[in-house]
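Architecture and fold: a report
Okay, here's what each chain looks like letter by letter:
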Amino acid sequence: PGSGRSLLVESCTAVVTVIDGVGNVSSVLVVGAANPLCLATVDRLVGPRLSRVYALDSNPDSLTRGAQRIHDYGVPNVSATWYPSRDPVAQRAAVAGAFDNGDIDVVVIGPSPRIETARTDPTAIEDDTEYLERALIDIVNLAGQCATSIAQQGHGVITLFTHTPRRVSSDLDHDYCAAMAALHLLAPSIAKVASANGGKTICAAIDPARDPNATADPAKRSATMSPLEVASELVPAIVARKKRRDLDVIVLPRSLRHSTLRIGRR
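Quick look at the structure, then. Residue positions are given per chain, counting from 1 as you read along its sequence in written order. This being a predicted model, a pLDDT of at least 70 is required before a residue's local features are given, and a value of 80 or more before pairs of side-chain atoms are given or counted; all residues contribute to the totals for chains, interfaces and linings. Side-chain calculation: all heavy atoms of the structure are included, whereas hydrogens and water are not.

The next thing to look at is the overall build of the chain. For the purposes of this entry, the term helix denotes a DSSP run of H or I that reaches at least four residues, the term strand denotes a run of E that reaches at least two, and both are numbered from the N terminus. Of regular secondary structure, the chain possesses eight helices and nine strands. The long-range fraction of contacts in the chain, counting pairs at least 24 apart against all pairs at least 6 apart in sequence, stands at 75%. With residues, only the protein chains shown are counted as cover, and all accessible areas are computed by Shrake-Rupley using a 1.4 Å probe. For the chain, the exposed area adds up to about 11,400 Å²; of that, 52% sits on carbon and sulfur atoms. Two residues form a contact once any of their heavy atoms are found within 4.5 Å.

A word on the environment of Pro227. For Pro227, the location among the structural elements is in helix 8 (residues 227–239). Residues Pro227 and Leu37, 190 residues apart in the sequence, show an inter-C-alpha distance of 4.9 Å. Other than its neighbours up to four places away in sequence, Pro227 contacts Pro36, Leu37, Ala40 and Pro212.

This part covers the pairing of strand 5 (residues 106–109). Side chains Val106 and Val108 of strand 5 all project onto a buried face; the interleaved residues Val107 and Ile109 project onto the opposite face, where all are buried too. We call two strands paired when DSSP finds no fewer than two bridges between them. Of the strand pairs in this sheet, strand 2 (residues 27–31) and strand 5 are connected by four bridges, and their pairing is parallel. In the strand pairing of strand 5, Leu29 is matched with Val107. Where strand 5 and strand 6 (residues 157–163) come together, four bridges link them in parallel fashion. Counterpart to Val106 in the pairing with strand 6 is Val157. Only protein chains enter the accessibility calculation, which uses a 1.4 Å probe; a residue whose area is less than 20% of its type maximum is buried, one above 50% is exposed, and one in between is partly exposed.

Axes, fitted as lines to C-alpha atoms, cover a helix only where it is in contact. Angles between the N-to-C directions of the axes lie from 0 to 180 degrees. Packing of helix 3 (residues 88–100) against helix 5 (residues 128–153) brings their axes to within 9 Å, and their N-to-C directions diverge by 35°. As for how helix 3 packs across helix 5, the hand of that crossing is right-handed. Only Asp138, Asn141, Leu142, Gln145, Cys146, Ser149, Ile150 and Gln153 of helix 5 make contact with helix 3, whose side of the interface consists of Pro88, Gln91, Arg92, Val95 and Phe99. Across the contact of helix 3 with helix 5, the residue classes break down as six nonpolar, five polar and two charged. Helix crossings get a hand from a simple test, with the near helix turned counterclockwise from the far one by less than a right angle marking a left-handed crossing and a clockwise turn marking a right-handed one. Residues are grouped as follows: nonpolar covers Ala, Val, Leu, Ile, Met, Phe, Trp, Tyr, Cys and Pro; charged covers Asp, Glu, Lys and Arg; every other residue, Gly included, is treated as polar.

We count a salt bridge whenever a side-chain nitrogen from Lys or Arg sits within 4 Å of a carboxyl oxygen from Asp or Glu. Within this structure, the stated rule accounts for eight salt bridges. Residue Asp175 is joined to Arg114 by a salt bridge in which the shortest nitrogen-to-oxygen separation is 2.4 Å. Separated by 61 residues along the polypeptide, Asp175 in helix 6 (residues 174–194) and Arg114 in the loop between strand 5 and helix 4 (116–120) bring together distant segments of the chain.

Attention now moves to the nonpolar core. The term nonpolar core refers to a set of buried residues drawn from Ala, Val, Leu, Ile, Met, Phe, Trp, Tyr and Cys, joined through side-chain atoms within 4.5 Å. Of all hydrophobic cores here, the largest spans 43 residues; its most connected members are Val28, Ile70 and Phe161. Per element, the largest residue contribution to this core is six residues, and it comes from helix 8. Among residues more than four places away in sequence, those in contact with Ile70 are Val30, Leu39, Val42, Val53, Ala55, Val75 and Val78. Leu56, Ala98, Val107 and Ile139 belong to the second largest nonpolar core, which has 30 residues in total.

Right, let's talk about the pairing of strand 6 for a bit. Among the seven residues that make up strand 6, seven are buried, leaving the element largely enclosed by the rest of the structure. What you see with strand 6 is no split at all: Val157, Thr159, Phe161 and His163 on one side and Ile158, Leu160 and Thr162 on the other are buried throughout. By definition, the crossover connecting two strands over a helix is right-handed if that path, from the first strand to the second, turns clockwise as seen with the strands pointing away from the viewer. Considered for its hand, the β-α-β crossover made up of strand 6, helix 6 and strand 7 (residues 200–206) is right-handed.

Ring geometry is summarised as follows: Phe, Tyr and Trp rings, the Trp one being its six-membered ring, pair when their centres sit within 6.5 Å, and such pairs are stacked at plane angles under 30 degrees, edge-to-face over 60 and tilted between the two. Per the stated rule, a full pass over the model turns up zero aromatic pairs. The rule for a charge over a ring is simple: NZ of Lys or CZ of Arg within 6 Å of the ring centre, and within 35 degrees of the ring normal. The ring of Tyr131 has Arg114 sitting right over it, with the charged end atom 4.4 Å from the ring centre.

Another aspect to go through is unusual backbone geometry. The omega torsion across Leu252 and Pro253 is -5°, close enough to zero to call that bond cis. Looking at the element boundaries, Pro253 is found in the loop between strand 8 (247–252) and strand 9 (261–263). Residues other than glycine seldom take positive phi values, yet Arg86 does so here, at roughly 60°. Residue position: Arg86 is located in the loop between strand 4 (77–82) and helix 3.

Right, dumping it as structure tokens:
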């Protein structure tokens, strides 16, 4: 696909809405339609008022599959927009375009794991630099634009999937883990931008060894948290009406920390 090309599953005119008093969400923007953690979070957010989801990704096949899964969750209107990797101008335009259609209640952002075929097809293996540009540099640029857009509209919640900074074992995908850890370190800066005019940021800091995206080994994956487990821990914080901090960091699994770690206090 060419630069800026959009793939629309369904579309309609969005309206200005916010999370209601009982935690129902009307509109969601997903940055990383290939990330199972992002998709599971949308699944858990589905409710009587969720009528619009915007899905963004730089891989057209992953984008189409992710958008279809969101539609299958029961979301009536799903807009899927492809953005080019290593093109910050086009990426910012993709985010701004979603916000131009109406207010967005929740933004869900997660670095995409390696494309599945790259793990099994030697001819499809991504260069490490190319992957890091896609999973780290692109995601940070998109997160920054999302934070700016949340601040401009005056409300909304950004959810970031990251890793708790710790030594990573040799059997995990080090490039993916590096992207997740880097986003964790940048979370306070992203939250500062979003909170300038009423936005809130939630950082899901996952133990790398318990992240299902960090390994393709079935034996290792059996010991990880499922995407739905992660989403179930996050959604109550996303829909909570009371804003206590500009940035809430939720450490997962919770056995690592008995209470939610919060940073970014004023």
